[in-house]
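Residue strings, one per chain:
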Amino acid sequence: MSTNDRRARSLWGALAAGMLVLTVGAPASADSGPSGGPGEATISAGDLGPDHLVTCSINAAKPNYSGTTVTAVGYMSSCTPSTPETCRTETDLLRYYPGPGTWEVLASGPVNYSCPPPNRTSTAVLKNCKPASVNWTYMTRTSGTIIHDGKPTSGHVDSSLLNVKCV
């Protein structure tokens, strides 16, 4: 089973078992071109009562380009009012392909299974990026999962876009 299949199953399982609260930007489409996200979202898990709901913030920083390397950094920055039993954060670096209007994952960072504080970071790196004649669009996507009171919730957030002549 591919990594994307496992992620999709994990996300659907989490959505079926828990509540999802997520704020993100609009997805990219072939008609409108690529669009980035706000860079920050929240995911909440637990019972709906105020004493049992935990909310965590996940963040996706705009990719950084330096020489021949594009780096994507994402993290889970805080959880309130307490820490969930389990946290999972992973960051992907994506590139936009304008013909089909799709995003492709170019690099994935290691999974961080720790809960904040402090920030729990995951970094994805594309090395040896070669100069191109046109700009390419890159974006960071950070996925987060938390489990609180036995209820899992997953979500993701997209960063703002980086346009560079590197492919």
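(A) Focus on the side chain of S57. Inspection of the secondary structure puts S57 in strand β2 (residues 53-60). You can call S57 buried: its relative accessible area is 6%. One polar contact links S57 to E40, side chain to side chain, over a distance of 2.8 Å. Apart from residues lying up to four places away in sequence, S57 is in contact with E40, A41, T42, Y75, M76, S77 and S78.

(B) Examining the environment of V125 more closely. With respect to the helices and strands, V125 occurs in strand β7 (residues 120-126). Taking the relative accessible area as the measure of exposure, V125 reaches 36% and is therefore partly exposed. Along the primary structure V125 and V70 are separated by 55 residues, whereas in three dimensions their C-alpha atoms are 5.9 Å apart. In this view, V125 contacts T69, V70, T71 and A107; residues no more than four positions away in its chain are not counted.

(C) The pattern of salt bridges, seen in detail. Across all of its chains, the model carries 2 salt bridges by this definition. Linking E90 and R88 is a salt bridge whose minimum nitrogen-to-oxygen distance equals 3.4 Å.

(D) Focus on the packing of aromatic side chains. Under the counting rule described, the total for this entry stands at 2 aromatic pairs. Ring geometry for Y97 and W136: centres 5.4 Å apart, planes at 70°, overall edge-to-face. Residue Y97 is found in strand β5 (residues 86-97), and its partner W136 is found in strand β8 (residues 131-148); the two are separated by 39 residues along the sequence. Residue class for Y97 comes out partly exposed when judged on its relative accessible area of 22%. The cationic tip of R95 hangs over the ring face of W136; the distance from NZ or CZ to the ring centre is 5.3 Å.

(E) Examining the state of the cysteines more closely. If you walk through the whole model with that rule in mind, you get 3 disulfides. With its sulfur 2.1 Å from that of its partner, C56 forms a disulfide with C79. Disulfide C56-C79: the torsion about the S-S bond is 110°, which places it as right-handed. A residue pair is termed long-range when its members are at least 10 positions apart, and C56 in strand β2 and C79 in strand β4 (residues 69-80) qualify at 23 residues. Disulfide partner of C87: C115, at an S-S distance of 2.0 Å. Since a negative S-S torsion denotes a left-handed disulfide, the C87-C115 link at about 105° is right-handed.

(F) Seen up close, the environment of G150. Take G150: it is sitting in the loop between β8 and β9 (151-158). Classification of G150 by relative accessible area gives exposed; the value is 60%. For the pair G150 and T86, spaced 64 residues apart in sequence, the C-alpha to C-alpha distance is 9.4 Å.

(G) Focus on the pairing of β5. The element β5 is extensively covered by neighbouring structure, given that 9 of its 12 residues are classed as buried. In terms of strand pairing, β5 meets β8 through 10 bridges, oriented antiparallel. Looking at the pairing, T86 lines up with I147 of β8. Here β5 pairs with strand β6 (residues 102-108) via 6 bridges, running antiparallel. Note on β6: the bridge partner recorded for L94 is V105.

What counts as what
- Residues numbered from 1 in each chain as written.
- Predicted model: local features only at pLDDT ≥ 70, side-chain atom pairs only at ≥ 80, totals over all residues.
- Heavy atoms only, no water.
- Helix = DSSP H or I, 4+ residues; strand = E, 2+ residues; numbered from the N terminus.
- Buried < 20%, exposed > 50% of the residue type's maximum accessible area, 1.4 Å probe, protein only.
- Polar contact = N/O pair within 3.5 Å; in protein donor to acceptor, adjacent residues only side chain to side chain.
- Contact = heavy atoms within 4.5 Å.
- Salt bridge = Lys/Arg side-chain N within 4 Å of Asp/Glu carboxyl O.
- Phe/Tyr/Trp six-rings, centres within 6.5 Å; stacked < 30°, edge-to-face > 60°.
- Lys NZ or Arg CZ within 6 Å of the ring centre and 35° of its normal.
- Disulfide = S-S within 2.5 Å.
- Pairing = 2+ DSSP bridges.

All we've got here are geometric facts, nothing functional implied.
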